[in-house]
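Tertiary structure, described
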Amino acid sequence: MLGRVAAIETRELCKVYRGRAVVDGLSLTVGEGEVFGFLGPNGAGKSTTVKMLLGLVHPSGGELHVLGGSPSDPAVRSGLGFLPEQFRFQTWMTGEEFLRFHGRLAGMRADELRTRVPEVLETVGLGGRGRETLGGYSKGMLQRAGLAGAILARPRLVFLDEPTSALDPIGRVEVREIIERLRAEGVTVFLNSHLLSEVEQVCDRVAFVKAGRVLRQGTLRELMGGVLPVDLRLDRLTPDLLAALARLGEVRHTDTNTPGRATVELWLEREETLPALADAVHTHGARLYALTPRRPDLETMFLELIEDTPEAARSPRAPEATRA
Ligand SMILES: Nc1ncnc2c1ncn2[C@@H]1O[C@H](COP(=O)(O)OP(=O)(O)OP(=O)(O)O)[C@@H](O)[C@H]1O
């Protein structure tokens, strides 16, 4: 396959362990340059899928293409980066040595590594700490070092398995920024995370998996049924303005009980309608204090989907609670 190909494409992918299908007909498409969230409860088959996509586990059935080829092809493999959730570090190595070792395994030249290693250490927030041994790193620093290893060889597709599980809130924001930067550089990011708020903020598209199958995949908007709820706060709401707003979207709720303050919840079909809302308010002589598109609530979606399926015997909060 040449030209513009999907970064990942699987069709009816299966993995059977001891007679049990842990990945059971999984079909997935991830476009090049997308940040893709792969979500599901514990044991859904996410890690097994990632291992197959990396060529570390042989599928029992189905098809898979990664960067237009097979992950067993060294040329394809050299375009992949991976941050496993549980990384075994050599504690006696320094951060720099670890990255150089990693880079050599990925086929990078020594002179290339001389500039690239300090650069990625800086990117992941470990600038100036590369001469310390990994044994002395905190859990968060180790996770950053692992992330540095995953992006070191400038992969076109990078798999991040729970990249922020050991990080504090500042570290999480930093990793989000790194993901944004990778997206800007056209790198495809396949993100496995139980932190749904994080996925919500950074992913272009998501897939929900359960019992080895994709229950649903799409953009957050698509998964929301294509509507964009918007909250408006105004100084007043005249009948004319209400009628104008109702022409732009579906008015779901209004509140005019407080003098000098009115709120409207409106469901739009298209984001492009947002400026017209502000215009309508202005044209009708009202003052606009807030116009807030509501984020799709991934957690609610996730819980509904997981609960909807018969195998949902576990507590719906288990995915996050057990991984804290
Ligand atoms: N090598 C193996 N041999 C036998 N069973 C396995 C093997 N690897 C995974 N499994 C089983 O496959 C199922 C899916 O595991 P997997 O690790 O892919 O799930 P996951 O969605 O990544 O879960 P988690 O969110 O807990 O990491 C589990 O029931 C697990 O016990």
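Counting from 1, residues in each chain are numbered in the order their sequence is written. It should be noted that, the model being predicted, local features are given only for residues of pLDDT at least 70 and side-chain atom pairs only at 80 or more, the latter also being counted only at that level, while totals for whole chains, interfaces and linings use all residues.

Taking an unreviewed UniProt entry as the reference, the protein is identified by name as ABC transporter belonging to Deinococcus aerius.

1. Some details on the overall build of the protein
We count a stretch as a helix when DSSP gives it H or I for four or more residues in a row; a strand needs E for two or more, and each element gets its number in order from the N terminus. Helix and strand counts for the protein stand at 12 helices and 13 strands. Projected onto its principal axes, the C-alpha coordinates of the protein cover approximately 70 × 50 × 45 Å. Of all intrachain contacts in the protein linking residues separated by at least 6 positions in sequence, the fraction that spans at least 24 positions is 69%. By the convention adopted here, residues are in contact when the distance between their C-beta atoms, placed from the backbone, does not exceed 7 Å.

2. Observations concerning the UniProt feature "domain: ABC transporter" (unreviewed entry) in the protein
UniProt positions are given in the numbering used here, feature names are shortened, and annotations may be inferred rather than shown by experiment. The UniProt entry lists residues 8-236 under the feature "domain: ABC transporter" (unreviewed entry), expressed in the numbering used here. With 34% helix and 29% strand, residues 8-236 has end C-alpha atoms that lie 50 Å from one another.

3. A few points about the environment of A21
On the secondary structure map, A21 appears in strand β2 (residues 20-30). With residues up to four places along the chain from it excluded, the contact list for A21 reads C14, V16 and G212.

4. Focus: the nonpolar core
A set of buried residues qualifies as a nonpolar core if it consists of Ala, Val, Leu, Ile, Met, Phe, Trp, Tyr and Cys joined through C-beta atoms within 7 Å. The burial criterion counts other C-beta atoms lying within 10 Å of a residue's C-beta, which is placed from the backbone; the residue is buried at 20 or more, exposed at 12 or fewer, and partly exposed between these limits. Within the largest apolar cluster, 61 residues are counted, with the highest numbers of intra-cluster contacts made by F36, A148, V158, V189, F190 and L191. Looking at which element gives the most residues to this core, the answer is helix α5 (residues 139-151), with six residues. With residues up to four places along the chain from it excluded, the contact list for V158 reads G81, A150, I151, L182, V187 and V189.

5. Focus on the domain arrangement of the protein
Entries for the protein in the domain assignment read domain 1 (8-219) and domain 2 (228-293). In this document the domain limits rely on a domain assignment from an automatic tool or a database. On a C-alpha basis, the centres of domain 1 and domain 2 stand 42 Å from each other.

6. Some points on the packing of helix α9 (residues 239-248) against helix α10 (residues 274-283)
Pairs of packed helices are described in terms of their axes, by the angle between the two and the distance that separates them. Orientation is described by axes fitted as lines to C-alpha atoms, over the contacting stretch for helices, and by angles from 0 to 180 degrees between their N-to-C directions. Look at α9 against α10: their axes get within 10 Å of each other, and the N-to-C directions meet at 165°. Between α9 and α10, the interaxial angle falls into the category roughly antiparallel. Where α9 crosses over α10, the two elements pack in a sense that is right-handed. Taking contact as the criterion, the partners of L241, A244, L245 and L248 in α9 are, on α10, A276, L277, A280 and V281. When grouped by side-chain class, the residues that make up the contact of α9 with α10 number eight nonpolar, no polar and no charged. An angle below 35 degrees is treated as roughly parallel, one above 145 as roughly antiparallel, one from 65 to 115 as roughly perpendicular, and anything else as oblique. Helix crossings are classified by the rotation of the near helix relative to the far one: an anticlockwise turn of less than a right angle makes the crossing left-handed, while a clockwise turn makes it right-handed. Polar here means any residue other than Ala, Val, Leu, Ile, Met, Phe, Trp, Tyr, Cys and Pro, which are nonpolar, and Asp, Glu, Lys and Arg, which are charged; Gly is therefore polar.

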